[in-house]
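Each chain is listed here by its residues.
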Amino acid sequence: MYKAAIIGAGAISSLHLQALAEMKEIEAVAIADIDEKRATDASAQHHIRAYTDYRHMVDIERPDIVVITLPHNLHKDCAIWCARSGCHILLEKPMAIYAYECDDILQAANDSRVKLMVGHTQHYFAENMIAKKIVQSGQLGKLVMINDVRHVDYYAASRPNWFFESARSGGGIAMNLGSHAVDKIQWLTDSKVAQVKASVSHYGAKGDVEGSVTAFVKTDQGVPCTISQSGYGGVHRDETEIIFTQGMLKLRTGVGLWISEAGEYRQLEAVQAAPPFVLQYRDLLGSIRTDTIPECSGEYSKSVIAAVQAMYASHRSGQEVVVQQQ
Ligand SMILES: NC(=O)c1ccc[n+]([C@@H]2O[C@H](COP(=O)([O-])OP(=O)(O)OC[C@H]3O[C@@H](n4cnc5c(N)ncnc54)[C@H](O)[C@@H]3O)[C@@H](O)[C@H]2O)c1
């Protein structure tokens, strides 16, 4: 049985704890948060120990795995410290704010011979997995384009303030949700984003981060894609259209997948074998047990950060940016 400790008792930590509760192979033993009440609330709910200092927790508990669910500016230092303490790491997305920070994390994980996986949850939704298989099969002909649209109320009162402070979040909707879009496109197409032309807007009622991003990206296989995300008021939408020479897919992650047939969309069956977060932990376990690199590796996740940073660079310069992927 592997012991896991959670660092950060915020919104996403509860999904991790629920997933761990379903797993026989990993047991959550402790949680740390600088907000003592959050730590003790999670401790009471999940029958695990609470700490206010994650270093102290790791020193005492000696977990096999740490799950880092902190604001983005803390990912690097925490992941490096945990790697040096000998813990395998599930680090929430985005891996860090800058690609050079990802390099430092990778170095620490490699030096300490621990597994590092980033929480790119898109890989674990049933409809996404089926969409990827269809893309790979070529059954709808040649992939022509992907259009990824997301509209959320990014300024909802429930969102913690650090998301609106660029010093802590590294950016707004493009960093936070754009990283999901980039990951989805790269993973569906087995490629990396190679070129980006993007524009962001700053019309949000609070903070100093962007509230929308419009990006034209091209993969290294030459597939053109658009990413269109708005966090301002309106109607929720999360839809990816995957267009081929002989048909189309409509993907709504967490909802369903549709395939074009005689000019209409027909829904495909997509059975979720286990909750996405459980599948994510199974991947991490597999990589630990077989001493292999997980699919959502640090190297892969760095490529997502490089593409997001290219969006910001393109907005600043007004030019198309070639993404430094290496
Ligand atoms: N995979 C997904 O779909 C998904 C969804 C939501 C969030 N996330 C990611 O998860 C991470 C956390 O997001 P969240 O929504 O849970 O944020 P949150 O603000 O709800 O939680 C972060 C927690 O970290 C705590 N914290 C801050 N500094 C700390 C420190 N030094 N030591 C210990 N605890 C500290 C805060 O008190 C807070 O409770 C982010 O990287 C976010 O992008 C991923």
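For the structure itself, look to the data block above.
Keep in mind the model is a prediction, meaning the values are calculated, not measured. (Residues numbered from 1 in each chain as written. Predicted model: local features only at pLDDT ≥ 70, side-chain atom pairs only at ≥ 80, totals over all residues. Heavy atoms only, no water.)

### As for helix H10 (residues 276-290)
- Along its 15 residues, H10 runs 21 Å from first to last C-alpha, staying within 8% of the 21 Å computed at 1.5 Å per residue.
- Burial in H10 covers these residues: Pro276, Phe277, Val278, Leu279, Gln280, Tyr281, Leu284, Leu285, Ser287 and Ile288.
- In the stretch just after H10, aspartate 291 is the one whose phi turns positive, near 50°. (Helix = DSSP H or I, 4+ residues; strand = E, 2+ residues; numbered from the N terminus. Expected span 1.5 Å × (residues − 1). Buried < 20%, exposed > 50% of the residue type's maximum accessible area, 1.4 Å probe, protein only.)

### Points about the sheet that holds strand S4 (residues 65-68)
- One open sheet accounts for six strands, arranged S3-S2-S1-S4-S5-S6; its pairing is parallel. On the outer flanks of this sheet lie strand S3 (49-51) and strand S6 (116-119), each paired with one strand and no other. Sheet twist, expressed as the mean angle between neighbouring strand axes with direction ignored, is 25°.
- Of the strand pairs in this sheet, strand S2 (residues 26-32) and S3 are connected by three bridges, and their pairing is parallel. Among the inter-strand pairings, isoleucine 31 is bridged to a residue of S3, identified as alanine 50. (Pairing = 2+ DSSP bridges. Axes fitted to C-alpha atoms, helices over the stretch in contact; angles between N-to-C directions.)

### With respect to the sheet that holds strand S13 (residues 256-261)
- The nine strands lie next to each other as S14-S13-S12-S11-S7-S10-S9-S8-S15, forming an open sheet whose pairing is mixed. The open sheet has two free edges, formed respectively by strand S14 (264-268) and strand S15 (321-322), since each of these has just one partner strand.
- Strand direction decides the pairing type here: S13 and S14, joined by five bridges, are antiparallel. Paired with glutamate 261 across the two strands is glutamate 264, which belongs to S14.
- Its contacts with the sheet place helix H6 (residues 126-137) against strand S7 (143-151), strand S11 (237-244), strand S12 (247-252), S13 and S14, and it is angled at close to 160° to S12.
- Across the face of the sheet, helix H11 (residues 298-317) comes into contact with strand S8 (193-201), strand S9 (212-219), strand S10 (224-230) and S15 while running at roughly 55° to S8. (Contact = heavy atoms within 4.5 Å.)

### Quick word on the site of the ligand
- If you check the shell around the ligand, you find 26 residues, and the closest are Asp33, Arg38, His72, Lys93 and Trp162.
- Residue leucine 70 places a main-chain N or O atom 3.5 Å away from an oxygen atom belonging to the ligand.
- Asparagine 176 is positioned such that a nitrogen or oxygen atom in its side chain is 3.4 Å from an oxygen atom of the ligand.
- Out of a free accessible area of 850 Å², the ligand has 86% covered by protein chains.
- In the shell around the ligand, the residues fall into twelve nonpolar, nine polar and five charged.
- Taken domain by domain, the makeup of the shell around the ligand includes at least three residues from each of domain 1 (2-122 + 276-295) and domain 2 (124-274 + 305-322). (Near = heavy atom within 4 Å. Polar contact = N/O pair within 3.5 Å; in protein donor to acceptor, adjacent residues only side chain to side chain. Areas by Shrake-Rupley, 256 points an atom, 1.4 Å probe, with all protein chains shown as cover. Nonpolar A, V, L, I, M, F, W, Y, C, P; charged D, E, K, R; others polar. Domains from an automatic or database assignment.)

### Details of the packing of aromatic side chains
- Considering all chains together, one arrives at eight aromatic pairs under this definition.
- With a centroid separation of 5.3 Å and 20° between ring planes, the pair formed by tyrosine 155 and phenylalanine 164 is classed as stacked.
- The exposure class of tyrosine 155 is buried, given its relative accessible area of 15%.
- Judged by centre distance (3.8 Å) and plane angle (25°), the ring pair of tryptophan 162 and phenylalanine 163 falls under stacked.
- Overall, tryptophan 162 belongs to the buried group, its relative accessible area being 13%.
- With a relative accessible area of 13%, phenylalanine 163 lands in the buried category.
- By the ring-pair criterion, three or more aromatic residues cluster together here, those being Tyr154, Tyr155, Phe164, Tyr203 and Tyr232.
- The ring of tyrosine 154 carries the charged tip of arginine 159 above its face, separated from the ring centre by 3.9 Å.
- Of note, arginine 159 hangs over the ring of phenylalanine 163, and the distance from its end group to the ring centre comes to 4.8 Å. (Phe/Tyr/Trp six-rings, centres within 6.5 Å; stacked < 30°, edge-to-face > 60°. Lys NZ or Arg CZ within 6 Å of the ring centre and 35° of its normal.)

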